[in-house]
Amino acid sequence: MSATSPEEQFLRDVAEHTMTVIREDGVSRHIRFAKPGTSCMHFDLITWPGYLCYTGDMGTYVFQRLTDMFEFFRTDRDYKKRNGAKLAVNLSYWGEKLQATDRDGYRNYSAEKFKTNVMDWIEQRGLTGKLGHGLRDELQSEVLDHADDGADAAYRAVMDFVWNGKRVFPDFYEVDSEDYSHRFVWCCYALAWGIEQYDAAKQSAAEAVPA
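Note that the coordinates shown come from a computational prediction; the quantities given were computed from them, not determined experimentally. (Residues numbered from 1 in each chain as written. Predicted model: local features only at pLDDT ≥ 70, side-chain atom pairs only at ≥ 80, totals over all residues. Heavy atoms only, no water.)

Draft legend 1. Layout of the overall build of the protein. Each helix and strand counted, the protein has eight helices and ten strands in total. Since a compact globule built from 211 residues should have a radius of gyration of about 17 Å, the 22 Å found for the protein marks it as more spread out than a globular shape. Counting the 211 residues in the protein, one finds 38% classified as buried. Once local pairs closer than 6 in sequence are excluded, the contacts in the protein between residues at least 24 apart make up 57%. Element-wise, carbon and sulfur atoms account for 47% of the exposed surface of the protein, whose accessible area totals about 11,900 Å². With 25 positive and 34 negative side-chain charges, the protein shows a spacing of 3 Å between the two charge centroids. (Helix = DSSP H or I, 4+ residues; strand = E, 2+ residues; numbered from the N terminus. Rg over C-alpha atoms; globule rule 2.2 N^0.38 Å. Buried < 20%, exposed > 50% of the residue type's maximum accessible area, 1.4 Å probe, protein only. Contact = heavy atoms within 4.5 Å. Areas by Shrake-Rupley, 256 points an atom, 1.4 Å probe, with all protein chains shown as cover. Lys, Arg positive; Asp, Glu negative; His and termini not counted. Charge placed at Lys NZ, Arg CZ, Asp CG, Glu CD.)

What follows is the structure, given as structure tokens:
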């Protein structure tokens, strides 16, 4: 059974959300998305010239780029959807436009990425064949078992690792084992989805006006 993707999980989370326009004055907006009768997983999109603030159950993030930030977050929509995505998000580019972040930031240490980086390091240095000669067991007990102990403990373990009298990971401190936080990823899907809902409502309203 395949794991649920972040996109699929987000769409489940907001399946019963409705949109409420609290304020709209040009590019100054306050739009709320929530399941009626509950504040669970609710979020607000608040814009003013040059800025957008996302705030809700999954944290608060402020972005700066264009005068109308809704226009900024529409940029990748067509490209992403042509490539099979239901929602168009660009984590790296959008992250560069952050002016303020949730208390957890937008990137943090990932134990899974750390483990992947360790094994990639072994492969890139031609040590894969040594895994069956004791390296695998020592690597597991002395390094990989510490991946879930936090960044400091994991990096200390890998930097201190010695096999056959040699340090295997002398420059591993330069390897990036951070990944986008769950809250930031959820936020980005909320931005893409919320602005789509807003655009669809605008289009429906325009089509309803008699010619």
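From this point, the narrative continues.
Draft legend 2. Representation of the environment of Arg32 within the structure. Along the chain, Arg32 turns up in strand 2 (residues 28-34). We classify Arg32 as partly exposed; its relative accessible area is 34%. A C-alpha to C-alpha distance of 21 Å links Arg32 and Trp94, two positions 62 residues apart in sequence. Dropping the residues within four chain positions of it, Arg32 is found in contact with Thr18, Met19, Thr20, Ile22, Phe43 and Asp44. Here Asp44 takes part through its side chain, which lies 2.8 Å from a polar atom of the side chain of Arg32. (Polar contact = N/O pair within 3.5 Å; in protein donor to acceptor, adjacent residues only side chain to side chain.)

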